[in-house]
Amino acid sequence: MTETFALPDNELDSPLALLLDIVATTTRRTREEEREGAETAAADHVYRAYTSTLGAALEDTQWTGYPALGGTEPSAVAYLGAGLWLHHTTTYDTEYSDGGDALALIVPCACGRGYITSHLESEDDLVELLAELHPTGGRAEHGSDTRGRYCASIPARAITP
Ligand SMILES: [Zn+2]
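Residues numbered from 1 in each chain as written. Predicted model: local features only at pLDDT ≥ 70, side-chain atom pairs only at ≥ 80, totals over all residues.

A. Broad picture of the overall build of the chain. Each helix and strand counted, the chain has three helices and five strands in total. For the chain, the N- to C-terminal ordering of α and β elements is α-α-β-β-β-β-β-α. By sequence separation, contacts in the chain at least 24 residues apart represent 48% of the contacts at least 6 residues apart. (Helix = DSSP H or I, 4+ residues; strand = E, 2+ residues; numbered from the N terminus. Contact = placed C-beta atoms within 7 Å.)

Right under this line is the structure:
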């Protein structure tokens, strides 16, 4: 939490100082709640909708939550191994949302310069994707995505374990 401005030494117990304190504490609590809520939502979704795959392979504690930032919903990510990630967010207004849950598999591109995001709609989707990745050693084929989202949309440096 960065302070918006510093008060003079003789005003450190002024109403404004107390007010800034209260706001900072509230913001911190809100972020913490969003972070924890995002982790719980992700773990719940995977447990319910991906019971025999992700629900079995992933511990609840492997999700890392992030508060809402810059207009985005709170989200959570889980590292799967070999550079692959899961991303979960709760949203009600995208075509990818599954009853409020949007889950995506993020796979490093074969070219090594970025990642390809695949939105998962079901456990079948995931199984199919993993089967496709099997011969490539867990790398997405560069430029093969039919939605036209090339790996450059997520530079490799944006995601580091
Ligand atoms: Zn690529």
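Read on, since the account is not over.
B. The pairing of strand E3 (residues 84-90), seen in detail. For strand E2 (residues 75-81) and E3, the ladder comprises six bridges, and the chain directions are antiparallel. Bridge assignment links Ser75 to a residue of E3, and that residue is Thr89. (Pairing = 2+ DSSP bridges.)

C. Molecular detail of the environment of Gly138. With respect to the helices and strands, Gly138 occurs in the segment after helix H3 (123-133). With 15 C-beta atoms packed within 10 Å, Gly138 lands in the partly exposed category. Each C-alpha atom of the pair Gly138 and Pro108 lies 7.5 Å from the other, and the pair is 30 residues apart in sequence. Setting aside residues no more than four positions away along its own chain, Gly138 makes contact with Ala82, Gly83, Leu84, Val107 and Leu133. (Buried ≥ 20, exposed ≤ 12 C-beta atoms within 10 Å, placed from the backbone.)

D. Highlighting the pairing of strand E1 (residues 63-66). Of the two faces of E1, the one lined by Trp63 and Gly65 is fully buried and the one lined by Thr64 and Tyr66 carries no buried residue. When E1 meets E2, the two strands line up antiparallel, connected through four bridges. Opposite Thr64, over in E2, you have Val77 as the bridge partner.

E. View of the nonpolar core. In this structure, Ala42 and Ile116 are the most contacted members of the largest nonpolar core, which totals 22 residues. Secondary structure elements with two or more residues in this core: helix H1 (15-49), E2, strand E4 (101-108) and strand E5 (115-120). Among the elements that take part in this core, H1 stands out by supplying five residues, more than any other. The residues contacting Ala42, other than those within four sequence positions of it, are Trp63, Ala76 and His88. (Core = buried A, V, L, I, M, F, W, Y, C linked by C-beta atoms within 7 Å.)

F. Expanded view of the sheet that holds E3. Reading across the sheet, the five strands line up as E1-E2-E3-E4-E5 and stay open at both edges, with antiparallel pairing between neighbours. One side of each edge strand has no neighbouring strand; the edge strands of this open sheet are E1 and E5. Taking each pair of neighbouring strands and ignoring which way they run, the sheet shows an average axis angle of 25 degrees. (Axes fitted to C-alpha atoms, helices over the stretch in contact; angles between N-to-C directions.)

G. Representation of the environment of Thr30 in the model. You can see Thr30 is positioned in helix H1. The exposure class of Thr30 is exposed, given the 12 C-beta atoms found within 10 Å. On a C-alpha basis, the gap between Thr30 and Pro67 in space is 8.2 Å, while along the polypeptide they are 37 residues apart.

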